[in-house]
Amino acid sequence: MEITAANVWMMVSAAMVLLMTPALGLFYGGMTRAKASLNMIMMSFVSVGIGGVVWVLWGYSMSAGEGVLGLFGNPFANFGLSGLTGSPDLIKAGFAGTFAILTVALISGAVADRAKFTAWVLFVPLWLTAVYCPLAFMIWGGGLMSQGGAVTAMFGQVIDFAGGAVVEISSGIAALVLALIVGKRHGFGKDPGHRPHNVPFIMLGAALLWFGWFGFNAGAATTAEQAGLIWVNTLVTPCAAMLSWLLTEKVRHGHPTSLGAASGAVAGLVAITPSCANISPVAAIGLGLVSGVASALFVELKFKYGFDDSLDVVGVHLGSGLVGTLALGFIALPVNGEGGGLFYGGGVQQLIAQTVAVLITLALSGLMTAVIGLAIHKTIGFRVSHEAEVAGVDRSEHAESAYEFGGMGQSQFHPLRQHVHADPAVTVVRPAGAAGNPGAEDAVGTVPSEAAEELQPAPASV
């Protein structure tokens, strides 16, 4: 069977979505303190490693194919993807796996600066197995909320094209539960040292996430018309959300920030995920404006209620995930003149279906995350010691540091030579008025003995 344009597009989209997880690592890594940035990036990278293996062995089987009570797929039906070898369906399986990887990595931002790496390594496969795979099966794989499922028959067809419930709401509520289990960072809300240490990393990560999101949303498009609508909506919703977030910052705090611009764009991307193929571009702008304001306000709830959602996973992914999923009840386009949201005369049926999907997702992900998180926390412990947190989890968990400044103190500037390293040192007296020191008093400095001769003024060029 020859490879088609659709096959190529899905493989390219899968690569774009896979890039989103390292991009998330940069985004999250920039938002942490310098002494915890490598740990944050590593939590995303190891999610790729573990998630990929889990997906091939049993994850894909649990999210598609032969179902068990409409809740999850038989994990042994295509164990190791053996049944897909030689089939183009293997491309779809690989594409779907990148979603699973990104979803679990999103949760890590809620426990930044204080989580044991081994605890996270254990959490990833358990959460993918108990939460992500069943939800993916229920909504996309032929389960309860899929076409023909029991919940669909009772409440109507859920719209979740690229993962508003499966990806965003599930990871957002899991982040909240895990943050409550692990507890607040020392100095939460008081220590100014908790501010982002590298804003350019944040901006770069957000830009790469935005790039990958075009594959995330449009990778499963089946027609050129659908792909065009998805592409434009994925462009314009984060644009509008970024602007409304910045405006909210300006009104409430007096300054629009770079972090706000990056967070606003991500909030818009989250909001358009479930509805990218089902709303008009004008409605997408409105959705972006609402999601930007909503998430900008949601992120402040952690200070009001005292839960330490370190990197605003709850405010952005749960907040905008809820907005985007429920908004379909109002702005979903009719299909062949039938259905649609309330604004198109479709009645409340779509809103009911979306609400039921949200409630099931919150219950499943919240409950199972609590079970997994508490089990880990009560056994091996999910949190590092106080001393390790203060010293920095990069050192305690990985024996590494993102930045090495130790050698910088061993050099001095000289006007006639760029840098001179002080080892061993000799004393040199520079008289007042010497080159590079006009009008100054005599100065004493130390320079290397082997470089002492180099400090003499260079002969004038002829």
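To be clear, the structure that these remarks concern was listed above.
Summarised in this report is the structure supplied together with it. (Residues numbered from 1 in each chain as written. Predicted model: local features only at pLDDT ≥ 70, side-chain atom pairs only at ≥ 80, totals over all residues. Heavy atoms only, no water.)

### Regarding the packing of aromatic side chains
- Under the counting rule described, the total for this entry stands at 13 aromatic pairs.
- Aromatic side chains Phe 95 and Phe 99 sit 5.0 Å apart centroid to centroid with 75° between the ring planes, which places their arrangement in the edge-to-face category. Taken together, the positions of Phe 95 and Phe 99, both in helix H3 (residues 89-107) and 4 residues apart, correspond to about one turn of that helix.
- For Phe 95, a relative accessible area of 8% corresponds to the buried category.
- Residue classification places Phe 99 among the buried positions, given a relative accessible area of 6%.
- Counting every residue linked through ring pairs, the aromatic cluster contains Phe 95, Phe 99, Trp 140, Trp 213 and Phe 216. (Phe/Tyr/Trp six-rings, centres within 6.5 Å; stacked < 30°, edge-to-face > 60°. Helix = DSSP H or I, 4+ residues; strand = E, 2+ residues; numbered from the N terminus. Buried < 20%, exposed > 50% of the residue type's maximum accessible area, 1.4 Å probe, protein only.)

### Topic: helix H2 (residues 37-63)
- With 27 residues, H2 extends just 33 Å between its outermost C-alpha atoms, more than 12% less than the 39 Å of an ideal straight helix rising 1.5 Å per residue.
- Of all the bends in H2, the largest measures some 65° and sits at Trp 55. (Expected span 1.5 Å × (residues − 1). Bend = angle between axes of the 7 residues up to and from the residue.)

### Here's the deal with the pattern of salt bridges
- In total, this model carries 7 salt bridges according to the counting rule given.
- A salt bridge links Arg 33 to Asp 113; the shortest N-O distance between them is 3.5 Å. Taken as a pair, Arg 33 in the loop between helix H1 (5-31) and H2 and Asp 113 in the loop between H3 and helix H4 (117-140) lie far apart in primary sequence, 80 residues in all.
- Among the ionic pairs, Asp 113 bridges to Arg 185, the shortest N-O distance being 3.5 Å. Highlighted residues: Asp 113 in the loop between H3 and H4 and Arg 185 in the loop between helix H6 (164-182) and helix H7 (199-218), separated in sequence by 72 residues. (Salt bridge = Lys/Arg side-chain N within 4 Å of Asp/Glu carboxyl O.)

### Describing the nonpolar core
- Counting residues in each nonpolar core, the largest one holds 112 residues, and the members touching the most others are Phe 27, Ile 107, Phe 123, Trp 127, Tyr 132 and Phe 216.
- Per-element tally for this core: the top contributor is H4, with 14 residues.
- Contacts of Phe 216, omitting those with residues within four sequence positions, involve Val 17, Met 20, Phe 95, Phe 99, Leu 102, Ala 162, Val 167 and Thr 273. (Core = buried A, V, L, I, M, F, W, Y, C linked by side-chain atoms within 4.5 Å. Contact = heavy atoms within 4.5 Å.)

### Let's talk about the packing of H1 against H2
- Orientation of H1 relative to H2, taken along the N-to-C sense of each, is 165°, at an axis distance of 8 Å. In terms of axis orientation, H1 runs roughly antiparallel to H2. The hand of the H1/H2 crossing is right-handed. Residues Leu 18, Thr 21, Pro 22, Leu 24, Gly 25, Leu 26, Tyr 28 and Gly 29 of H1 pack against Ser 37, Met 40, Ile 41, Ser 44, Phe 45 and Val 48 of H2.
- Residue classes in the contact of H1 with H2 are distributed as 9 nonpolar, 5 polar and no charged. (Axes fitted to C-alpha atoms, helices over the stretch in contact; angles between N-to-C directions. Parallel < 35°, antiparallel > 145°, perpendicular 65-115°, else oblique. Left-handed = near helix turned anticlockwise from the far one by under 90°. Nonpolar A, V, L, I, M, F, W, Y, C, P; charged D, E, K, R; others polar.)

### Describing empty space enclosed by the protein
- Enumeration over the complete set of coordinates arrives at 2 cavities of 30 Å³ or more.
- The calculated volume of the largest cavity comes to roughly 60 Å³.
- Lining the largest cavity are Phe 27, Tyr 28, Met 31, Ser 263, Val 266, Leu 311, Asp 312, Val 313, Val 316 and His 317.
- Among the elements of the structure, H1, helix H9 (258-272) and helix H12 (313-331) are those that each provide at least two residues to the lining of the largest cavity.
- Reported here for the second largest cavity is a volume of approximately 50 Å³.
- Lining the second largest cavity are Met 20, Leu 24, Phe 27, Leu 102, Leu 106, Leu 209, Trp 213, Val 266 and His 317.
- Secondary-structure elements contributing two or more residues to the lining of the second largest cavity are H1, H3 and H7.
- By residue number, the principal contributor to the lining of the second largest cavity is H1, which donates 3 residues. (1 Å grid on protein atoms, 1.4 Å probe; cavity = no way out; pocket = protein on both sides within 12 Å on 5 of 7 lines; lining within 4 Å. Points joined across faces, edges and corners; volume = space filled by probe spheres on them.)

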